[in-house]
Amino acid sequence: QVQLVESGGGLVQAGGSLRLSCAASGRTFSYYYMGWFRQAPGKEREFVSTITKSTGVTYYADSVKGRFTISRDNAKSTVYLQMNSLEPEDTALYYCATGSRVPATMKRESDYDYWGQGTQVTVTS
């Protein structure tokens, strides 16, 4: 199994920035990509971004492209999500997850095997 712990969420004004971290432990050799999803109140969980562990290939949802940047530190088994120019619409519970299915779009919840508990991001206008 893989255990995931997110951190870095908080309350920020619109236009501000936050950096989320997700630290993996356990069978960290078993996943090929790590992604971020978010779920706003009353809405379904949606894909935000993902990165492959070996090559660092990244994908983003259109809604965050150009504002969010995902990165990884394989030595620490940690993935980061730098979020700039935050908007009230970014308010959500942010989850990280790891996946090992190949081939995969890496943008579907079903591509991921293990999930963290989430970290809350609240953006005020």
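Residues numbered from 1 in each chain as written. Predicted model: local features only at pLDDT ≥ 70, side-chain atom pairs only at ≥ 80, totals over all residues. Heavy atoms only, no water.

Draft legend 1. View of the side chain of K53. Structurally, K53 can be placed in the loop between strand 5 (46–52) and strand 6 (58–60). It is D113 that comes nearest to the buried, bridge-free K53 among opposite-charge side chains, at 11 Å. Excluding residues that lie within four positions of it along the chain, K53 makes contacts with T28, F29, S30, Y31, Y32, Y33, R72 and N74. (Helix = DSSP H or I, 4+ residues; strand = E, 2+ residues; numbered from the N terminus. Buried < 20%, exposed > 50% of the residue type's maximum accessible area, 1.4 Å probe, protein only. Lys, Arg positive; Asp, Glu negative; His and termini not counted. Salt bridge = Lys/Arg side-chain N within 4 Å of Asp/Glu carboxyl O. Contact = heavy atoms within 4.5 Å.)

Draft legend 2. View of unusual backbone geometry. Residue P103 is reached from V102 by a cis peptide bond, and omega for that bond is -5°. Relative to the elements of secondary structure, P103 occurs in the loop between strand 9 (92–99) and strand 10 (114–115). Phi is positive for S85, which is not a glycine, with a value near 50°. With respect to the helices and strands, S85 occurs in the loop between strand 8 (78–83) and strand 9. On the basis of relative accessibility, which here comes to 41%, the residue S85 falls in the partly exposed class. One non-glycine residue, M106, adopts positive backbone phi at about 65°. For M106, the position within the fold is in the loop between strand 9 and strand 10.

Draft legend 3. Region of the structure containing the sheet that holds strand 3 (residues 18–26). The sheet built from four strands is open, its strands ordered 1-3-8-7 with antiparallel pairing. Of all the strands in the sheet, just strand 1 (2–7) and strand 7 (68–73) have a single pairing partner and so form its edges. Strand-to-strand twist of the sheet, defined as the mean angle between neighbouring strand axes without regard to direction, takes the value 15°. By the bridge criterion, six bridges tie strand 7 to strand 8 in an arrangement that is antiparallel. For S71, the partnering residue across the bridge sits in strand 8 and is Y80. (Pairing = 2+ DSSP bridges. Axes fitted to C-alpha atoms, helices over the stretch in contact; angles between N-to-C directions.)

Draft legend 4. The pattern of salt bridges, seen in detail. Inspection of the entire model under this criterion finds eight salt bridges. Note that E109 is salt-bridged to R45, the shortest N-O span being 3.0 Å. Linking E109 in the loop between strand 9 and strand 10 with R45 in the loop between strand 4 (33–39) and strand 5, this pair joins segments that are 64 residues apart in sequence. A residue is classified by how much of its surface remains accessible, and E109, at 33% relative accessible area, is partly exposed. Between D113 and R101 there is a salt bridge, and its shortest N-O distance comes to 2.4 Å. Of this pair, D113 sits in the loop between strand 9 and strand 10 while R101 is found in the loop between strand 9 and strand 10, placing the two residues twelve residues apart along the sequence. Taken together, the shared-partner salt bridges connect R38, E46, R67, E87 and D90 into one network.

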